[in-house]
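# Observations on the three-dimensional arrangement
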Amino acid sequence: MAEVLAALGVLGVALVGVLFSMTYGATGVDASRRSTTALFLAEQRMEQVKAFAMSRSGAQGWTNLTAAAFPAEGYGTIPGHGDYRRAVTITDNPGGAANTKQVEVQVAYRPVRPEGIGPETSVVLSTLLVKR
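All residue numbers refer to positions counted from 1 along the written sequence of the respective chain. Per-residue local features of the predicted model are confined to residues with pLDDT of at least 70, and side-chain atom pairs are confined, for both listing and counting, to 80 or more; whole-chain, interface and lining totals are unaffected and use all residues. As a rule here, side-chain values cover all heavy atoms of the structure and leave hydrogens and water aside.

Moving on: the overall build of the protein. Looking only at helices and strands, the protein features 1 helix and 5 strands. For helices the rule is a DSSP run of H or I covering at least 4 residues; for strands it is a run of E covering at least 2, with both sets numbered from the N terminus onward. Mapped from its N terminus to its C terminus, the protein presents α and β elements in the order α-β-β-β-β-β. As a reference, a globule follows 2.2 Å times the number of residues to the power 0.38, and the radius of gyration itself is taken over C-alpha atoms. In terms of overall dimensions, the protein is more spread out than a globule: its C-alpha atoms have a radius of gyration of 23 Å, far above the 14 Å expected for 132 residues. In terms of its C-alpha atoms, the protein occupies a principal-axis envelope of roughly 85 × 30 × 20 Å. Buried, partly exposed and exposed residues are distinguished by accessible area as a fraction of the type maximum, computed with a 1.4 Å probe on protein chains only: under 20%, between the cut-offs, and over 50%, respectively. When each of the 132 residues of the protein is scored for burial, the buried share is 26%. Should any heavy atoms of two residues lie within 4.5 Å, those residues are considered in contact. Considering only intrachain contacts with a sequence separation of at least 6, the fraction spanning at least 24 residues in the protein is 47%. Residue-level accessible areas treat just the shown protein chains as cover; the underlying method is Shrake-Rupley with a 1.4 Å probe. Surface exposure of the protein reaches about 8,600 Å², of which carbon and sulfur atoms provide 61%. Within the protein, one finds 12 positive and 10 negative side-chain charges whose respective centroids are separated by 13 Å. Asp and Glu are treated as the negative residues and Lys and Arg as the positive ones, with His and the ends of the chain left uncounted. Lys charges are placed at NZ, Arg charges at CZ, Asp charges at CG and Glu charges at CD.

Two rings belonging to Phe, Tyr or Trp (six-membered ring only in the last case) form a pair when the distance between their centres is within 6.5 Å. Interplanar angles under 30 degrees mark stacking, angles over 60 mark edge-to-face geometry, and anything in between is tilted. Under the defined criterion, the tally for this structure stands at 2 aromatic pairs. Seen from their ring centres, phenylalanine 52 and phenylalanine 70 are 5.2 Å apart, and the 70° between their planes marks the pair as edge-to-face. One end of the pair, phenylalanine 52, is in helix H1 (residues 2–54); the other, phenylalanine 70, is in the loop between H1 and strand E1 (84–92), and 18 residues separate them in sequence. Take phenylalanine 52 and phenylalanine 70: they sit in the same class, and that class is buried. Ring geometry for tyrosine 84 and tyrosine 109: centres 5.6 Å apart, planes at 50°, overall tilted. Taken as a pair, tyrosine 84 in strand E1 and tyrosine 109 in strand E2 (residues 100–109) lie far apart in primary sequence, 25 residues in all.

Right, let's get into the pattern of salt bridges. By definition here, a salt bridge exists when the distance from a side-chain nitrogen of Lys or Arg to a carboxyl oxygen of Asp or Glu is within 4 Å. Applying the stated criterion across every chain yields a total of 8 salt bridges. Here arginine 34 makes a salt bridge to aspartate 30, at a shortest N to O gap of 3.0 Å. In this pair, arginine 34 and aspartate 30 are both assigned in helix H1, 4 residues apart and thus about one turn of the helix distant. We note a salt bridge from glutamate 120 to arginine 85, for which the minimum N-O separation is 2.9 Å. Remark: arginine 85 occurs in strand E1 and glutamate 120 occurs in the loop between strand E4 (116–117) and strand E5 (121–130); sequence separation between them is 35 residues. Sharing partners across several salt bridges, the network here consists of Asp30, Arg33, Arg34 and Asp83.

Okay, here's the thing in structure tokens:
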């Protein structure tokens, strides 16, 4: 009987360890998924900004490329990605460099952790556009 109780104790400790590892692993996978999605959303917006800058349409093009052309999107406003928010910042002639615009796209989200929703985390994608 003592051997059975000892074996059950060892199995119980092992089971707790396995369950903890699974929870930790699932949290890591979710964090990676959310980070990858945020990067995808930033890249998507950056490509839209570049297309806008190169467009010859009347309301688009280099001179009309401002942050106002890309209003901030709050939580629940990005189709299919309600857990994210996105903002674009455009700086004309950064550092005094003529005919350039620095574009930053920030995508923020709140990671899910075992203890609940964590503090907001963000991904920032930045590029320098040059007018030729």
